[in-house]
Amino acid sequence: MSQEQNELAALSQALKKTMERKRHLGQRRVGRGPCTASPRATTAKIDATPVPVAHLAQPQVLPASPESQTTMARECLNLDQLERAASRCQACPLHKGRHNPVFSDGNPGPGGILFLGEAPSDADNSTGTPFSGPPGQLLTDIIVKGMGLNRQQVTITPMVKCPTPGGRAPAGEEVELCAPILRRQLELVNPRVLIPLGQGPANFLLARKSPLAELRNQIFESQGRQIVATFHPGQLLQDPAKKRDCWADIRRAMAAADIKKPS
Ligand code: SF4
């Protein structure tokens, strides 16, 4: 595809997701959930602010740096703008494997919970939705059966927005270049409780280099947010014995988010 076709495809995908998000928001207004949404949980996900032409028309200046990425991310005034900017980002080589931009799924719902994965899977890359494949189904079960919520009542997002070759862990430089997008996303979504799924996202949020075992079984605080680390659903599929520990983590996160266990 030519550059213009790539950009048109990215814009079309971003527009489609915007429409889906608005539709979801409409459903949430009339839906009935197990928890009462707090004022914070209704922070505007949708902002009708016109998108600056810069985000629509101008390709990103390369080479990118964490500083230029931070500038780009800060210029985005709402999540729609940030999603569009991420869908066109070519700051690191991972953009070459991007078929459909994978930005986030869901909304800041009751309790303001955000699940943070590592990178989009092949299935996510096909659908444009994070956690689409079998690990995603398990995550959905955790949200629905374990927490009594649905996927539209939490935010799910990857740490880096483009898939890695062969599903490898993203390299340090790739994480560094994508981090400004995630940081701005966290500012705009404003979750209260972050649940990093796996060692990479947990170490990113906690600015550590520790094994996951050292990061679980506790609640961390950072910038007014509580962080409860647990396993990536893919790890649970490989080793179902870990599910018991995962449930303990999820209960810890629910307590931090003031979400009652469904009866
Ligand atoms: S992974 Fe992040 S920094 Fe790299 S191209 Fe994709 S959006 Fe840009």
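Everything below is about the structure shown above.
Residues numbered from 1 in each chain as written. Predicted model: local features only at pLDDT ≥ 70, side-chain atom pairs only at ≥ 80, totals over all residues. Heavy atoms only, no water.

*Asks:* Can you walk me through the environment of Val144 in this structure?
*Replies:* Summarising the element assignment, Val144 is placed in helix H6 (residues 134-146). A relative accessible area of 40% means that Val144 is categorised as partly exposed. In this structure, Val144 is in contact with Leu149 and Asn150, ignoring residues within four places of it in sequence. (Helix = DSSP H or I, 4+ residues; strand = E, 2+ residues; numbered from the N terminus. Buried < 20%, exposed > 50% of the residue type's maximum accessible area, 1.4 Å probe, protein only. Contact = heavy atoms within 4.5 Å.)

*Asks:* When you look at the nonpolar core in this model, what are you seeing that I'm missing?
*Replies:* Burial of nonpolar side chains together is a common tendency in soluble globular proteins. Core analysis: the largest hydrophobic core is formed by 59 residues, its most contacted members being Ile113, Phe115, Met147 and Ile195. Per-element accounting of this core gives the leading share, eight residues, to helix H7 (residues 172-189). Setting aside residues up to four positions removed in sequence, Ile113 forms contacts with Met147, Val154, Thr155, Val193, Ile195, Ala257 and Ile259. (Core = buried A, V, L, I, M, F, W, Y, C linked by side-chain atoms within 4.5 Å.)

*Asks:* Please explain the pattern of salt bridges as it appears in this structure.
*Replies:* Once their charged atoms are close, side chains differing in charge can pair, the charge on each being opposite to the other. Scanning the model with the defined rule gives eight salt bridges in all. Taking the shortest distance from any N to any O, the salt bridge between Asp239 and Lys242 comes out at 2.9 Å. For Lys242, a relative accessible area of 25% translates into the label partly exposed. The closest approach of N and O atoms between Arg252 and Asp249, which form a salt bridge, is 2.8 Å. (Salt bridge = Lys/Arg side-chain N within 4 Å of Asp/Glu carboxyl O.)

*Asks:* Is there a simple way to explain the site of the ligand in this structure?
*Replies:* In the vicinity of the ligand, the residues found are Gln69, Ala86, Cys89, Ala91, Cys92, His95, Arg98, Lys161, Cys162, Leu177, Cys178 and Ile181. The element best represented in the shell around the ligand is H7, accounting for three residues. For the shell around the ligand, a count of residues per class yields eight nonpolar, two polar and two charged. (Near = heavy atom within 4 Å. Nonpolar A, V, L, I, M, F, W, Y, C, P; charged D, E, K, R; others polar.)

*Asks:* Is there a simple way to think about the packing of aromatic side chains in this case?
*Replies:* What describes a pair of aromatic rings is the distance from one ring centre to the other and the angle between the planes of the rings. If you walk through the whole model with that rule in mind, you get zero aromatic pairs. Above the ring of Phe103, the side-chain terminus of Lys161 is found at 5.4 Å from the ring centroid. (Phe/Tyr/Trp six-rings, centres within 6.5 Å; stacked < 30°, edge-to-face > 60°. Lys NZ or Arg CZ within 6 Å of the ring centre and 35° of its normal.)

*Asks:* Would you take a moment to explain the packing of helix H4 (residues 79-88) against H7 for this structure?
*Replies:* For any two helices packed against each other, the geometry comes down to the angle between their axes and how far apart the axes lie. Their axes nearest at 10 Å, the elements H4 and H7 cross at an angle of 165°. By the criterion of interaxial angle, the relationship of H4 to H7 is roughly antiparallel. Once H4 is placed against H7, the crossing between them reads as left-handed. In this structure, H4 uses Leu79, Leu82 and Ala86 to contact H7, whose residues at the interface are Ile181, Arg184, Gln185, Leu188 and Val189. Here the contact of H4 with H7 is composed, by residue class, of six nonpolar, one polar and one charged. (Axes fitted to C-alpha atoms, helices over the stretch in contact; angles between N-to-C directions. Parallel < 35°, antiparallel > 145°, perpendicular 65-115°, else oblique. Left-handed = near helix turned anticlockwise from the far one by under 90°.)

*Asks:* Quick question: what am I supposed to make of the pairing of strand S3 (residues 155-158) here?
*Replies:* Look at any regular strand and the pattern is simple: side chains alternate between the two faces of the sheet. Burial along S3 is two-sided: the face carrying Thr155 and Thr157 and the face carrying Ile156 and Pro158 are both buried. Here two bridges tie strand S1 (residues 105-106) to S3, and the two strands are oriented antiparallel to one another. Counterpart to Gly106 in the pairing with S3 is Thr155. (Pairing = 2+ DSSP bridges.)

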